[in-house]
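# Observations on the three-dimensional arrangement
As a plain string of letters, each chain reads:
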Amino acid sequence: INAEYMGDQQMDAYVDRIVDGLSCVVLQLQVIPVIVSVKGSAAEAVAERISCRLVDLLRERQLVPQPTARPVLLLCDRDNDLHTCLAHSWTYRPMLHDVLNMKLNKVELPDPHGPTKVFELDNTDRFWRENCGEPYHVVADRAALEVDKYQQSKQTYTETDANEEGMGSVSALINSMPQMKEWKRHVDLHTSLGYALLEQIKQRHLDAYHQIEHALINKESYERSKFEELLTTAGTQMDRLRLFLTYSLAKEDGTDTEDLSKWEAALTAEGTPMGAHTYLKTLRALSSRAVGSTPNPNLSKTLLGFGTGMADQLRRAKLQLETSLKQKNLTLLPITRMVHALLDPVPGKPSKVLEGLFCHDPKSGTKIDITQFRFTQAIVFVVGGGTYLEYQNLADWERLQQNKQVLYGSTELLNGEEFVSQLDFLGNNMP
């Protein structure tokens, strides 16, 4: 949407597609939401148009709101939070998307001895349901325990079959075989994915990238020598560029310009495409709307990760990562902070996060003071692309609330490399 070739007609068509999709969601739920968006952005254009569309649907009686509490439709713009798409994640599902390029819940891993292996993840997988949002080292430990539990169960069935006679024991063994087979498939799936992730962690120093980026975003202290190592010799060219872009955004106040120039020159000299940095510099010059994230002391879940493949390796990696990384409270990302301010406000203390927003009630057709409303449901939509990390952050927040529900959607789901590629395209095609 920020590309130079996007004319008025193309932009109108793009916004219309978003409005069509959101209208379908509202019609399915049969609710009339209060609309909130960031001002002066593509999200505001969507907000204005969806508000008009909802008025039409009410008038045509296609939308007959249920007599329940009204949700808030929060429309966000990717330009207001670039850190989230650039940073390396350290949670299981976001890592599968970012590191192993998971698409539609499928991960493809090359096999040197045969065809590519395809691993499909769904909610019939108990381990996936329970651990997809957990830190990497927690998943590593649980995957190793799951292997042990499976082996013990298999041994128990084998010994029972050997020691007991009669049709009853044979029948019980036969009945258990499908369940054991499915269990083994899930165990093999997650140990394989865990091993593949660990190989990338070791080769690219992903734990260190995550740690430094987390410190930069939250303006915490970090080891300077490690930062310089990550920008010169560690990881891939894309990893180094993502760290540099995160560092650049963290210095948007104009400090350390000489240091930024030094690293920009170093990356350029090694052949790193710098179109993304060019675009961010231009964006920063045009707007000061970027939103930072701040830690929430009430959430204790860590942002740490997962470890090495196959049971014993996974267990060892868990101990190594716990030693090398300091545990930190979960950080509320900017969008989650906005949802928190809308659904769980402090009485008498309006949050600064909600200042300067476009707030409109399609039911009355007027602009409103959002602080006068109380919500238990939020529909969050990001114009310009979302991430699994953002989704997971909202899901983690939702789990710690009482009677709060959040739906999340976006124009597309991007991993870090895809997002940088888009920024690079924009930077290389500026007028």
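The structure reproduced in this document is the subject of the present report. (Residues numbered from 1 in each chain as written. Predicted model: local features only at pLDDT ≥ 70, side-chain atom pairs only at ≥ 80, totals over all residues. Heavy atoms only, no water.)

Let us look at the overall build of the chain. Along the backbone of the chain there are 16 helices and ten strands. The 431 residues of the chain split such that 50% are buried. Of the contacts made within the chain by residues no fewer than 6 positions apart, 78% connect residues no fewer than 24 positions apart. In the form shown here, the chain has an accessible surface area of approximately 21300 Å², with 51% of it arising from carbon and sulfur atoms. (Helix = DSSP H or I, 4+ residues; strand = E, 2+ residues; numbered from the N terminus. Buried < 20%, exposed > 50% of the residue type's maximum accessible area, 1.4 Å probe, protein only. Contact = heavy atoms within 4.5 Å. Areas by Shrake-Rupley, 256 points an atom, 1.4 Å probe, with all protein chains shown as cover.)

Attention now moves to a nonpolar patch on the surface. Nonpolar side chains collect at one region of the surface, where Val25, Leu29 and Leu407 lie side by side and expose about 220 Å² of accessible area between them. As for its position among the elements, valine 25 is in helix 1 (residues 8-29). Take valine 25: its relative accessible area is 34%, and that puts it in the partly exposed class. (Patch = residues over 30% accessible without salt bridge, like charges linked within 9 Å, V, L, I, M, F, W, Y side chains within 5 Å. Salt bridge = Lys/Arg side-chain N within 4 Å of Asp/Glu carboxyl O.)

Looking along a regular strand, one sees the side chains alternate between the two faces of the sheet. In terms of burial, strand 1 (residues 34-38) is largely enclosed, as five of its five residues are buried. Residue alternation in strand 1 divides its side chains into two sets, Val34, Val36 and Val38 and Ile35 and Ser37, and both sets are buried. In the sheet, strand 1 pairs with strand 2 (residues 72-77) via four bridges, with the strands oriented parallel. Within strand 2, the residue paired with valine 34 across the bridge is valine 72. As a crossover connection, the stretch from strand 1 through helix 2 (residues 42-59) into strand 2 is left-handed. Direction of pairing for strand 1 relative to strand 7 (residues 357-361): antiparallel, over a ladder of four bridges. (Pairing = 2+ DSSP bridges. Right-handed = clockwise from strand over helix to strand, strands pointing away.)

Further remarks concern the packing of helix 9 (residues 224-232) against helix 11 (residues 257-269). Packing of helix 9 against helix 11 leaves a shortest axis separation of 10 Å and a crossing angle of 30 degrees. Between helix 9 and helix 11, the angle is such that the two are roughly parallel. Across the interface between the two elements, Arg224, Phe227, Glu228, Leu231 and Thr232 from helix 9 touch Asp259, Lys262, Trp263 and Leu267 from helix 11. (Axes fitted to C-alpha atoms, helices over the stretch in contact; angles between N-to-C directions. Parallel < 35°, antiparallel > 145°, perpendicular 65-115°, else oblique.)

Counted according to the given criterion, the structure contains 25 salt bridges. Measuring nitrogen to oxygen at the nearest pair gives 3.8 Å for the salt bridge that ties lysine 117 to aspartate 111. Under the relative-accessibility criterion, lysine 117 is labelled partly exposed at 44%. A relative accessible area of 23% places aspartate 111 in the partly exposed class. When the shortest N-O distance is used, the salt bridge between arginine 126 and glutamate 130 registers 3.4 Å. Separated by four residues within a single helix, arginine 126 and glutamate 130 lie in helix 5 (residues 126-131), roughly one turn from each other. A relative accessible area of 30% places arginine 126 in the partly exposed class. Assessed through its relative accessible area of 45%, glutamate 130 is described here as partly exposed.

Considering the arrangement of structural elements, one finds aspartate 424 in helix 16 (residues 416-428). The side chain of aspartate 424 sits in the buried core without any salt bridge; lysine 281 is the nearest counter-charge, 12 Å away. Look past the residues within four positions of aspartate 424 in its chain and what remains in contact with it is Pro273, Met274, Gly275 and Ala276. (Lys, Arg positive; Asp, Glu negative; His and termini not counted.)

For the rest of this paragraph, the subject is unusual backbone geometry. One non-glycine residue, asparagine 101, lies in the positive phi region at around 60 degrees. Structurally, the position occupied by asparagine 101 is in the loop between helix 4 (92-99) and strand 3 (106-109). Overall, asparagine 101 belongs to the partly exposed group, its relative accessible area being 40%.

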